[in-house]
Structure formats: structure tokens, C-alpha cells
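# Analysis of the macromolecular model
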Amino acid sequence: MENMLPRERVLAALSHKVTDRVPLDFWAVPETWAKLKEYFKTDDEEVVLQNLGIDIRQFQPDYTGEVLTLDDGSYFDPMGVHRIKVKNRFSEYEEYASAPLGFAKTVEDLERYERWPDIEKFDFASLSNKIGDAHEKYYIKLETGGLFELSWALRGYEQFMMDMVLNPEIPHAIMSRLTDFYCEYVKRALENAGDKIDMIYTYDDVASQNGLLMSKDMWKEFIQPYHKKLNRTIKSYGKTIMYHSCGAVYTLIEDLIDLPIDVLNPLQPLAAGMDMEEIKRNFGGRLCFHGAIDIQFLLPKGSRQEVAETVKKTIRILGAGGGYILSSAHYIQADTPVENIITMYETAKNVSLQNM
């Protein structure tokens, strides 16, 4: 076990087998990447990942289309979403600049939008070469988009939520179009590089800190069918599915398993009802977990001792018998001390899973 390759470690953990240590993953905002590069005295992200002991690598097909930038600095991303960069005292982040589909009164109006995502503007042919031989050592994941999140980003959140009651044909039409795009995205990626890709990462934030964003009935009508369609495509290639939703999703976990999914991320520890022991006890036999280390208070504000103790406790709970990949519960934010990040990963690398 001491000589497990990262890919072997992740595969074993996702098969609910005990490994030498818990597998590790990493995600962070650009400012955090920059601080870690400075800490490790490198300009290479791969060096950062290796120093942290990260077992997973992510690759995406390159976008070859043009990004339309307006005079105010806002721009339309490859999915047709209108964004603008905003700065605070810690970092730069993206906000939605407008709702491009907010004008639509009917489904027919949606066809007037000229910036729907174009599958032909993604370079799938070079994806295998881009991954290279990384798959021989590391576990490889590919990310798709959030069907609900992108839909409301295009329509406007408030309008989309009202549409689900007043004009349900519009959200169904937007969700359907984006689902068809991502089904084709997955097909082309896996047909070009499927032997090198282990996991497809899907997402949709459907909960807040204290509860679901909508009733379960509404979720089953407007969200579930489209994720089921996307997941059928993914499973037709035999790939593992990791699904992400922030927030208090405990009451939805049974339904998420049925999509189906294999791995649940990010297990936001401070959200209502997200008791790790109960989640592991009730779902650990049918589901694996990814994340669970708090970014709201622990990593930015906790002491190194508190970080180390929490990491050990989380591994004892979620890592028992395998089935857990340790990571932060979302992108590590720019106000997080480097020392706490290092403590998180160094502690995790030194916790034995034997006899748990």
C-alpha cells in the first residue's frame, strides 16, 4: 500500500477499499494558486499539485471560439452567459452582468438568442494529446456545466424561478437545450479521449446554507429529468459520476443517488443538516464523498491546530472503509492563509486508514 500510485489510490477508495491514505483533490481561486506558487517557489501549477500530494488531475477541451468583450469590460463566455469581473479587497471574481434571455416571452423568442453554446467551437480532437500520459499515474476527471445554474444565469435567477410556476415551458426549453449540448460534449470528449478519462464531474447548486432552493416536487419536475438524461449518456461510456451541489442537500441525497451519481461533492459542513456521521452511516454504502473541509470559517480563520484536528476527524468519519476523497468544500478563497492549506494536506497525508 505504501507504493500506491495516485490513480490506484482513488480507484480503490471509490471501490470502498482501504488505502494507504485518503486520496486528495484540490480546487482554489487564482489568488490562492498564486500564493501557493510563491510558497513553493514555482510558476508551474503541476509542481504545486505534486507538493500538496494531489491524486487527481482535471482536463478540458480548449475553446476555440471568440469571446465577445464589450466596452464596459463585460464579456460573453463560451456558454453565452454575460459576465463582468469585480474586485474586492481579497480577490477578483465574476458577477453576472445581465440576463441575456430575460427578454423572452415565449419559447420561440429563445431562438432569437445568437450566443447559444456551439459544440463545434470546442477542440475535442486534441484532448487525448492534452492529457498525454497523465492518466497512467493520476486519476483524470472532466467537468461539464451546471444545467440549472447556466439556465438561470442566461434567464436571470428571479425570472427563472418565477417561470417555473408561471411559464414552465421556458425553463424546460432552456434546460433541454443545455442538456443536449452537454450530452454531445460528453460524447465527443469520451469518443476522443475516453480511455484516459475516469470521471465526469457534473454540478448544479440547488440548495442554500439552510435548505433547498425549491421544493422537491419542483426539483423533480425541472432539474431531475435533465440530469438523468446527461447521466445516462455518461454511464453509457461506463464512467464514474461526481455531482456537486453546495448547501443543505441532505434531504435530496436519496434522489441524487437515483440520478445516478457515484460521488457527492462538496459536503458543505456548516450547511443545515449536513452531519457527516449521519451522511456516512445512511449513504456511505451506496455513495462516495468528496470535499467536506470547511472554507467558510475553518480554513480562512481557524488555527493550524484546529485545521489538523478537523482533517483527522473528517477522515475518521468519511474515510472509514474507503469511499472518501479529501478536499476543501469549495474553491479555497483568497483570504485563506497558506499555512492552513499546507496543514490540511500534510495532516491528511499522514493519517493512516488502517484499522479504522
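Analysis parameters
Residues numbered from 1 in each chain as written. Predicted model: local features only at pLDDT ≥ 70, side-chain atom pairs only at ≥ 80, totals over all residues. Heavy atoms only, no water. Helix = DSSP H or I, 4+ residues; strand = E, 2+ residues; numbered from the N terminus. Rg over C-alpha atoms; globule rule 2.2 N^0.38 Å. Buried < 20%, exposed > 50% of the residue type's maximum accessible area, 1.4 Å probe, protein only. Contact = heavy atoms within 4.5 Å. Areas by Shrake-Rupley, 256 points an atom, 1.4 Å probe, with all protein chains shown as cover. Lys, Arg positive; Asp, Glu negative; His and termini not counted. Charge placed at Lys NZ, Arg CZ, Asp CG, Glu CD. Core = buried A, V, L, I, M, F, W, Y, C linked by side-chain atoms within 4.5 Å. Pairing = 2+ DSSP bridges. Polar contact = N/O pair within 3.5 Å; in protein donor to acceptor, adjacent residues only side chain to side chain.

Quick look at the overall build of the protein now. Within the protein, the regular secondary structure consists of 15 helices and 13 strands. By the compact-globule yardstick of 21 Å for 356 residues, the protein fits well, its C-alpha radius of gyration being 20 Å. Taken across its 356 residues, the protein has 54% of its residues classed as buried. In the protein, of all internal contacts separated by at least 6 residues, the share reaching a separation of at least 24 is 75%. Roughly 15900 Å² of accessible area belongs to the protein as shown, and the carbon and sulfur atoms make up 47% of that amount. In the protein, 40 positive and 55 negative side-chain charges are present, and the distance between their average locations comes to 4 Å.

Before going further, it helps to spend a moment on the environment of Gly323. Positionally, Gly323 belongs in the loop between α14 (304-318) and β13 (324-328). According to the relative accessible area criterion, Gly323 is buried, its value standing at 1%. Note: C-alpha distance between Gly323 and Val18 (305 residues apart in sequence) is 8.5 Å.

The next point concerns the nonpolar core. In terms of nonpolar packing, the biggest core is built from 100 residues, with Phe26 and Leu326 touching the most fellow members. Among residues more than four places away in sequence, those in contact with Phe26 are Trp33, Leu36, Leu49, Leu52, Ile54, Ser327, Ile332 and Tyr345. Counting 11 residues, the second largest nonpolar core, distinct from the first, contains Tyr139, Met199, Cys288 and Ile325.

Here we come to the sheet that holds strand β6 (residues 92-96). The strand order across the open sheet built from four strands is β3-β4-β5-β6, with neighbouring strands paired in antiparallel fashion. Each edge of the open sheet carries a strand with a single partner, namely β3 (68-69) and β6. Bridge count between strand β4 (residues 75-76) and strand β5 (residues 82-87): two bridges; the pairing is antiparallel. Its bridge partner being in β5, Phe76 is matched across the sheet by His82.

Further remarks concern the side chain of Asp25. For Asp25, the position within the fold is in the loop between α1 (6-14) and α2 (30-39). Residue classification places Asp25 among the buried positions, given a relative accessible area of 4%. In terms of polar contacts, Asp25 uses its side chain to reach the side chain of Lys141, at 2.7 Å.

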